[in-house]
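Listed below are the residues making up each chain.
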Amino acid sequence: MEEVVFVIRPKDDYTSLCENVKRRYFEYLSKGVKRFKFLIVSKEPLYKWIESVRCVLEVNISATIIVKQVNPDELNKIVASTENVIEITR
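All values reported here derive from a predicted model rather than from experimental measurement.

Draft legend 1. Representation of the overall build of the protein chain within the structure. What the protein chain contains, in helices and strands, is 4 helices and 4 strands. Reading the protein chain from its N terminus to its C terminus gives the helix and strand order β-α-β-α-α-β-α-β. Dimensions of the protein chain, computed from C-alpha atoms along their principal axes, come out at roughly 30 × 30 × 20 Å. Relative to its 90 residues, the protein chain shows a buried fraction of 37%. At a minimum sequence separation of 6, the contacts of the protein chain that also span at least 24 residues come to 83%.

Draft legend 2. Representation of the sheet that holds strand S2 (residues 35–41). The 4 strands lie next to each other as S3-S2-S1-S4, forming an open sheet whose pairing is parallel. Two strands in the sheet have a free side with no partner beyond their single neighbour: strand S3 (64–70) and strand S4 (85–88). Between one strand and the next, the sheet's axes are offset by a mean angle of 20°, whatever the strand orientation. Bridge count for S2 against S3 is 7 bridges, and the pairing is parallel. Across the sheet, Lys 37 pairs through a bridge with Ile 66, a residue of S3.

Draft legend 3. Structural view of the packing of helix H1 (residues 14–29) against helix H3 (residues 51–59). Running from amino to carboxyl end, H1 crosses H3 at an angle of 40°, the nearest separation of the two axes being 6 Å. Relative to H3, H1 is oriented oblique. Where H1 crosses over H3, the handedness of that crossing is right-handed. Within the contact between the two elements, H1 uses Tyr 14, Leu 17, Cys 18, Glu 19, Val 21, Lys 22, Tyr 25 and Phe 26 and H3 uses Glu 51, Ser 52, Val 53, Arg 54, Cys 55, Val 56 and Val 59. Its residues assigned to classes, the contact of H1 with H3 comprises 10 nonpolar, 1 polar and 4 charged.

Draft legend 4. Summary view of the side chain of Ser 42. Within the fold, Ser 42 resides in the loop between S2 and helix H2 (46–49). Taking the relative accessible area as the measure of exposure, Ser 42 reaches 12% and is therefore buried.

Draft legend 5. Representation of the nonpolar core. Counting 22 residues, the largest nonpolar core has Phe 6, Ile 8, Tyr 25, Phe 36 and Phe 38 as its most contacted members. Of all the secondary-structure elements, those providing two or more residues to this core are strand S1 (3–8), H1, S2, H3 and S4. For this core, the element with the highest residue contribution is H1, accounting for 6 residues. In this structure Phe 36 touches Val 4, Phe 6, Tyr 25, Tyr 28, Leu 29, Ala 63, Thr 64, Ile 65 and Ile 66, once residues within four positions along its chain are discounted. The next biggest cluster of nonpolar side chains, apart from the first, holds 7 residues, and it includes Val 7, Leu 39, Val 70 and Leu 75.

Scoring rules and cut-offs
- Residues numbered from 1 in each chain as written.
- Predicted model: local features only at pLDDT ≥ 70, side-chain atom pairs only at ≥ 80, totals over all residues.
- Heavy atoms only, no water.
- Helix = DSSP H or I, 4+ residues; strand = E, 2+ residues; numbered from the N terminus.
- Buried < 20%, exposed > 50% of the residue type's maximum accessible area, 1.4 Å probe, protein only.
- Contact = heavy atoms within 4.5 Å.
- Pairing = 2+ DSSP bridges.
- Axes fitted to C-alpha atoms, helices over the stretch in contact; angles between N-to-C directions.
- Parallel < 35°, antiparallel > 145°, perpendicular 65-115°, else oblique.
- Left-handed = near helix turned anticlockwise from the far one by under 90°.
- Nonpolar A, V, L, I, M, F, W, Y, C, P; charged D, E, K, R; others polar.
- Core = buried A, V, L, I, M, F, W, Y, C linked by side-chain atoms within 4.5 Å.

Spelled out as structure tokens, the structure:
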């Protein structure tokens, strides 16, 4: 497995969500994955949802992480041909 794509749907409790993202990130990092793509499904501005991934970005030292905000309407088209997609909502 070369890359894992996390589909993250931020809600009100960003800290709890981030801890869940971090747990899943370390789970796959320990399996040897070195590339991650975080697709943030939100129409909100960056400052609203950045807390949902900040705790991972602050501790990352060994993987490539791409963070991209996507419109909910575009998500299916983006992940349709992508493998290893994991959705995180809480």
